[in-house]
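Residue strings, one per chain:
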Amino acid sequence: MALDGIVISALTKETAAKITGGRIDKIHQPEKDELIISVRTSGGAYKLLLCANPSFPRFHITNVQKENPEKPPMFCMLLRKHIQGGKILGLEQIEFERIVKFTIESYDEMGFLSKKHLIMEIMGKHSNIILTDKEGKILDSIVHVDFSVSSVRQVLPGLTYSLPPSQGKKNPLEASRDDIAFELSHDDMPVWKQILSAFQGISPLVAREAVYRATGLSDISGPEATRDDLEKVALNFFAIIDDIKNGVYNPCIISDKLTKKMVDFCAVDIAQYGSGAESEHYASMSEATESFYMKKAAVESIRQKCTDLLKTVSNNLDRCRKKLQLQEEILKKAAKREKYKIYGDLLTANIYQLHQGMAEITVQNFYSENFEEITIPLKTDISPSKNAQLYYQKYNKEKTAELETSKQKKLNEEEIDYLESVQEALEKTETQAEITQIRNELIEEGYLKNRGRLNKRKKADTPKPMHFVSSDGYDIYVGKNNKQNDYVTLKLARYTDLWFHTKGIHGSHTIVKCDDALTVPDNTYMQAARLAAYYSKGKASKSVPVDYTEIKNVKKPSGAKPGMVIYVNYNTLYVTPNEDEVNLLKR
């Protein structure tokens, strides 16, 4: 992760310049591990984001609007009590670590001015936001750390705040060029790792960059480096740190040149990726940090909110699959029932040869083409006629079992198909509204209990499918879950519209709005098919079969689950999904 001491230094200095002297206007906690603090200054209003999410811990000025819970969490209420309305006296980075301390002056419950410290610790899964008084006594934290979590350092109300255990590294801001050179050697360890192990707050990205600038290689090892190489590395690393001392930063995001996907971000220029990457520079470190994390953090937040739904769906899928296995075993056993009828017929035909007490009888099988002999087991404690009846009863029992099990198996397979479609929809969910739609659907279908979450407001619940426009100007709509699929196919589509869906693969219902299917250009057909393939389980495949037909040929059977339809008179296209095209067509 490139959110290192250098990035924290840049964020601290630019944030301090904006909000020092400002007053805290509002405090919100939109997520369990995230705060939004609104600060009003003479130069304008700012929103400060503090996030202790284990995957994406960070702090920066933000412009993102977030929905707040109806009832503020306890930590949010405590912050409002102690620091809302307070004046921000300043903020500082502790040493060169990923720890920032905000000093706030506010009135206490007795009406006296007092100082509080809000401490942001950015330490991966150990990240935290802690409020202390001026003596360092912990008032509360967004994450409580007791003995069961850490025997070294507890973070609990009433305890005295202490810094995380030191790793024995040096502060690079206090190191001279000679100090840096002293830490580098010809050991087996790569040179960039030597920098990493010696100095605080340095990310692998920056350490490799210093080595790359000096040698043209980012992963050169100690034995491979000459003394001159190590001197150059020390010089380049010192130059980077000197810029940081002087407040010279170049916030940038590095992306893969081919895929355009973000690789990393930094407060200094990065050249080590060569022609394989491109850098986008930003006016501030906050803008770069927010741009880098915004999409990733949103996806992670949605993924966490989907966890309980995914677990419910997964548990029900496991139940259905176990049931299917039992049903297949019953049908396999029932498939052998004909032998019981044959036994009964042969015993009846040869009743004159039987007498009670016989354990078996061997007779000619007149159902066989060559009249082979067959041995039939008998119960010794019942009469010959009852033995025959017993085999007829077994036959009828297996026949009934096959009939009923076949019906149940079909229903079970439909349920598995439905649950897999919900699972697929959950995996591509991107918004809270989509999660709510799926949750309500599972409540309606009886998989979840309604605990007041089911929203019955029709206008608010109207699904909003994805909208695309083909290169020929035709509107294309794509559903992302079963509710949206039903809406797209059964409500939004007209009689003349075209309908697309992956063949035998769970995916989205896709429609092309048109007055006459014959007038739609071939290119629009292909683009709609690629969209249907992209938003399906076959997204990663190279040749995905997509069926298409007019909407008049698509029907929803009575009693069918959400998203389930049947269709006739269709054709099939084989396409390869293209993410660049998806982004180009999206509206």
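Residues numbered from 1 in each chain as written. Predicted model: local features only at pLDDT ≥ 70, side-chain atom pairs only at ≥ 80, totals over all residues. Heavy atoms only, no water.

Which parts of the structure should I look at to understand the overall build of the chain?
Helix and strand counts for the chain stand at 13 helices and 22 strands. In summary, the chain has a C-alpha radius of gyration of 35 Å against a globular reference of 25 Å for 587 residues, an excess of more than 25%. Seen through its C-alpha atoms, the chain measures out along the principal axes to roughly 110 × 65 × 65 Å. The contacts of the chain with a sequence gap of at least 6 include a subset with a gap of at least 24, amounting to 59%. For the chain, the accessible surface area stands at approximately 30,600 Å², while carbon and sulfur atoms represent 51% of it. Each charge class in the chain can be summarised by its mean position, and for the 82 positive and 80 negative side chains these summaries are 6 Å apart. (Helix = DSSP H or I, 4+ residues; strand = E, 2+ residues; numbered from the N terminus. Rg over C-alpha atoms; globule rule 2.2 N^0.38 Å. Contact = heavy atoms within 4.5 Å. Areas by Shrake-Rupley, 256 points an atom, 1.4 Å probe, with all protein chains shown as cover. Lys, Arg positive; Asp, Glu negative; His and termini not counted. Charge placed at Lys NZ, Arg CZ, Asp CG, Glu CD.)

Sorry if this is basic, but what is going on with the pattern of salt bridges here?
Side chains carrying opposite charge are able to pair once their charged atoms draw close together. Scanning the entire structure with this criterion turns up 24 salt bridges. One salt bridge in this structure joins E404 and K407, with 3.9 Å as the shortest N-O distance. Of this pair, E404 and K407 both sit in helix α9 (residues 384-427), 3 residues apart, which is roughly one turn of that helix. E444 is the salt-bridge partner of K483, the closest N and O atoms lying 2.6 Å from each other. Of this pair, K483 sits in helix α11 (residues 482-492) while E444 sits in helix α10 (residues 432-444), and the two are 39 residues apart along the sequence. A network of salt bridges, in which partner residues are shared, links R494, D497, K513 and D515. (Salt bridge = Lys/Arg side-chain N within 4 Å of Asp/Glu carboxyl O.)

What am I meant to see in the sheet that holds strand β15 (residues 466-469) here?
Hydrogen bonds between backbone groups are what pair the strands of a sheet, and the pairing can be parallel or antiparallel. Across the sheet, 6 strands lie side by side as β15-β16-β18-β17-β19-β22; this open sheet has antiparallel pairing. Taken across any chain shown, the strands that pair with only one partner, and hence form the sheet edges, are β15 and β22 (571-575). Going across the sheet, the axis of each strand differs from the next one's by a mean of 25°, ignoring polarity. In terms of strand pairing, β15 meets strand β16 (residues 475-478) through 4 bridges, oriented antiparallel. Counterpart to V469 in the pairing with β16 is D475. (Pairing = 2+ DSSP bridges. Axes fitted to C-alpha atoms, helices over the stretch in contact; angles between N-to-C directions.)

What is the right way to look at unusual backbone geometry in this model?
Working note: non-glycine residues mostly have negative phi, and peptide bonds are mostly trans. In this structure, F371 is a non-glycine residue whose phi angle is positive, near 55°. Within the fold, F371 resides in the loop between β13 (360-364) and β14 (373-377). Looking at F371, the relative accessible area reads 43%, which means it is partly exposed. In this model, N569 sits at a positive phi of 55°, which is unusual for a non-glycine residue. Within the secondary structure, N569 is located in the loop between β21 (566-567) and β22. (Buried < 20%, exposed > 50% of the residue type's maximum accessible area, 1.4 Å probe, protein only.)

Sorry, what's going on with the side chain of R153 here?
Within the element layout of this structure, R153 appears in the loop between β9 (138-141) and α3 (177-183). Separated by 2.7 Å, the side chain of R153 and the backbone oxygen of S162 make a polar contact. Aside from chain neighbours lying at most four places away, what touches R153 is E121, M123, I130, V145, Y161, S162, L163, P164 and P165. (Polar contact = N/O pair within 3.5 Å; in protein donor to acceptor, adjacent residues only side chain to side chain.)

Looking at this model, I keep getting lost on the pairing of strand β6 (residues 99-107). Mind explaining?
Side-chain direction in a regular strand flips from residue to residue, so the side chains alternate between the two faces of the sheet. When strand β5 (residues 87-93) meets β6, the two strands line up antiparallel, connected through 6 bridges. From the neighbouring strand, K87 faces β6, where its bridge partner is E105. As consecutive antiparallel partners, β6 and strand β7 (residues 113-121) are separated by 5 residues, and within that stretch G111 has a phi angle of approximately 90°, a positive value.

Can you walk me through the sheet that holds strand β10 (residues 252-256) in this structure?
The antiparallel open sheet is built from 3 strands, whose spatial order is β11-β10-β12. Here the strands that pair on one side only, and so sit at the sheet edges, are β11 (262-266) and β12 (277-281). If you compare each strand with its neighbour and ignore which way they point, the axes differ by 25° on average. Where β10 and β12 come together, 5 bridges link them in antiparallel fashion. What sits directly across from C252, in β12, is H281.

Even after reading the chapter, I still don't get the packing of α10 against α11, so can you show me in this structure?
Axis angle and axis distance: for two packed helices, these are the angle between their axes and the distance between the axes, and together they describe the pair. At their nearest, the axes of α10 and α11 sit 8 Å apart, and the two run at 95° to each other. In terms of axis orientation, α10 runs roughly perpendicular to α11. Across from E434, Q437, E441 and E444 in α10, the residues of α11 making contact are N482, K483 and Q484. Here the contact of α10 with α11 is built from residues that sort into no nonpolar, 3 polar and 4 charged. (Parallel < 35°, antiparallel > 145°, perpendicular 65-115°, else oblique. Nonpolar A, V, L, I, M, F, W, Y, C, P; charged D, E, K, R; others polar.)

Looking at this structure, how should I read the nonpolar core?
Counting 78 residues, the largest nonpolar core has L50, F59, F102, L118, I195 and I202 as the members making the most contacts within it. Each residue touching F102, except ones within four places of it in the same chain, is listed here: I19, L48, L50, F59, G90, L91, K116, H117 and L118. In terms of nonpolar packing, the next biggest core, distinct from the first, is built from 25 residues, L531, V546, L573 and L585 among them. (Core = buried A, V, L, I, M, F, W, Y, C linked by side-chain atoms within 4.5 Å.)

Teacher, can you tell me more about the confidence of the model for the chain here?
Detail in the predicted coordinates should be disregarded across regions flagged by low pLDDT. With 97% of its residues at a pLDDT of at least 70, the chain reaches an overall mean of 89. Overall, residues 453-460 carries pLDDT values under 50, and its contacts beyond four positions in sequence, including any with other chains, amount to 11 contacts. (pLDDT = per-residue confidence, 0-100.)

Where do I start with the state of the cysteines in this structure?
By the definition in use, this model includes 0 disulfides. Among the cysteines around C76, which has no disulfide bond, C51 carries the closest sulfur, lying 15 Å off. The cysteine C252 is free of any disulfide, with C266 supplying the nearest cysteine sulfur at 6.0 Å. (Disulfide = S-S within 2.5 Å.)

Would you take a moment to explain helix α5 (residues 204-215) for this structure?
Side chains three or four residues apart in an α-helix point the same way, a direct result of the helix having 3.6 residues per turn. Under the 1.5 Å per step criterion, the end-to-end length of α5 is 16 Å for 12 residues, consistent within 8% with the ideal 16 Å. At its buried positions, α5 is contacted by α1 (5-19), α4 (191-198), α6 (227-245) and β11. Positive backbone phi, at 85°, marks G216, one or two positions downstream of α5. (Expected span 1.5 Å × (residues − 1).)

Please explain a positive patch on the surface as it appears in this structure.
Taken together, the side chains of K332, K333, K336, K339, K379, K394 and K397 define a basic patch exposed on the protein surface. Broken down by secondary-structure element, the contributors of at least two residues to the positive patch are α7 (285-334) and α9. Relative to the elements of secondary structure, K394 occurs in helix α9. (Patch = residues over 30% accessible without salt bridge, like charges linked within 9 Å, V, L, I, M, F, W, Y side chains within 5 Å.)

Just checking my understanding: could you explain helix α12 (residues 522-534) for this structure?
Given a rise of 1.5 Å per residue, 13 residues ought to cover 18 Å, and the 18 Å separating the end C-alpha atoms of α12 matches this to within 8%. Extensive coverage of α12 is indicated by the burial of 10 of its 13 residues. Of all the residues in α12, the buried ones are T524, Y525, Q527, A528, A529, R530, L531, A532, A533 and Y534.

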